[in-house]
Amino acid sequence: MKSQIAEAIRLSLQPVAVYRSPVCPEGALQFREGVWACVVSMLTAAARGRTTAFSRDTVACQGGKVGLGLDTFQPGFIEYFLSVGGVGPKPGEHYKETPDLAWAYVQSLPHCPSPDYVIFQPLDQVTEAQPEAVVFLVNPDQLSGLATLANYDSPEQDNVRLLFGSGCAQSILYGLAENGKEGKTCFLGLTDPSGRKHMDKDLLSFTIPYRRFLEMEANAAHCFFQTETWAVIARRIAAGEKEAQP
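A brief report on the enclosed structure follows. Predicted model, so just to flag it, every value in this text is computed and none were measured.

Attention now goes to the sheet that holds strand β1 (residues 16-21). Here 7 strands make up an open sheet; going across it, the order is β2-β3-β1-β4-β7-β6-β5 and the pairing mixed. Since the sheet does not close on itself, it has two edges, and those belong to β2 (52-54) and β5 (160-161), each with one partner. Here β1 runs beside strand β3 (residues 117-122); their pairing, made up of 6 bridges, is antiparallel. Bridging from a neighbouring strand, V18 pairs with F120 of β3. Across the sheet, helix α7 (residues 167-180) touches β1, β3, β4 (133-138), β6 (186-189) and β7 (204-209), and the angle it forms with β7 is around 15 degrees.

Note: disulfide means a covalent bond formed between the sulfur atoms of two cysteine side chains. Applying the stated criterion across every chain, the model contains 0 disulfides. Free cysteine C24: the closest other cysteine sulfur is in C168, separated by 19 Å. For C24, a relative accessible area of 26% gives the class partly exposed. Residue C223 stays outside any disulfide, its sulfur separated by 13 Å from that of C186, the closest cysteine. Under the relative-accessibility criterion, C223 is labelled buried at 6%.

Restricting attention to buried positions, one finds in helix α9 (residues 210-219) the residues Y210, R212, F213, M216, E217 and N219. Projected onto a plane normal to the axis of α9, the buried residues spread over an arc of 165 degrees and lie on a single side.

What follows concerns the layout of surface pockets. By volume, the largest pocket is sized at about 660 Å³. Contributing elements (two or more residues each) for the lining of the largest pocket: α2 (39-47), α3 (62-67), α4 (78-81), α7 and α8 (193-196). A per-element tally of the lining of the largest pocket places α3 first, with 5 residues. Each residue belonging to the lining of the largest pocket can be placed in one class, and the counts come to 19 nonpolar, 12 polar and 4 charged.

About the cut-offs
Residues numbered from 1 in each chain as written. Predicted model: local features only at pLDDT ≥ 70, side-chain atom pairs only at ≥ 80, totals over all residues. Heavy atoms only, no water. Pairing = 2+ DSSP bridges. Helix = DSSP H or I, 4+ residues; strand = E, 2+ residues; numbered from the N terminus. Contact = heavy atoms within 4.5 Å. Axes fitted to C-alpha atoms, helices over the stretch in contact; angles between N-to-C directions. Disulfide = S-S within 2.5 Å. Buried < 20%, exposed > 50% of the residue type's maximum accessible area, 1.4 Å probe, protein only. Arc of directions from axis to C-beta. 1 Å grid on protein atoms, 1.4 Å probe; cavity = no way out; pocket = protein on both sides within 12 Å on 5 of 7 lines; lining within 4 Å. Points joined across faces, edges and corners; volume = space filled by probe spheres on them. Nonpolar A, V, L, I, M, F, W, Y, C, P; charged D, E, K, R; others polar.

Right under this line is the structure:
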């Protein structure tokens, strides 16, 4: 599927379709079993054209499993790891002030059970599967376009949310859950410092539940993307891409 939104915001990386599947696509890039790696690093791989797949066996990071809907947290460690530490070999991340606050966050996470595999696939390579969310990796100018478009046809002004969470929860789990309840909220993500270590410093994620993505795609042809104001920004994006080329 070719995205009009991607063209309008001069996206150099591809939009990433996210969906769950009982089978792994042939040739999909996967982590090796037992080897720790960050799930959000695979977003970049998918945005650059590689289909990637995840299962309970190939995701060694417990936070990654939860952020993909492949598992849930159990009490006794995670609430200390996210806050003050003191349990297990890892120091606390100090993202929450107390274990109680950390556990309240854990309990707030949507329960979004996945089948055997979660797939990241470049949107233009999706043929048979039904995407559940679409993730854009964007710079601030591109983010401004997506956030404005998300509010374009709505009487409410809070159609984009930034929720605390791991990078994979922000970019994947919240979008899957929103699509499952036929919601329209989009999610800004990759503000998690642990996830940001594995991302380009100028990129954030913008996740759109698939039903909402189709509506936004339809609006792209007759919204502010056709104005001179946006043309100025689009030219700046294009100029920045040329400067970044080796």
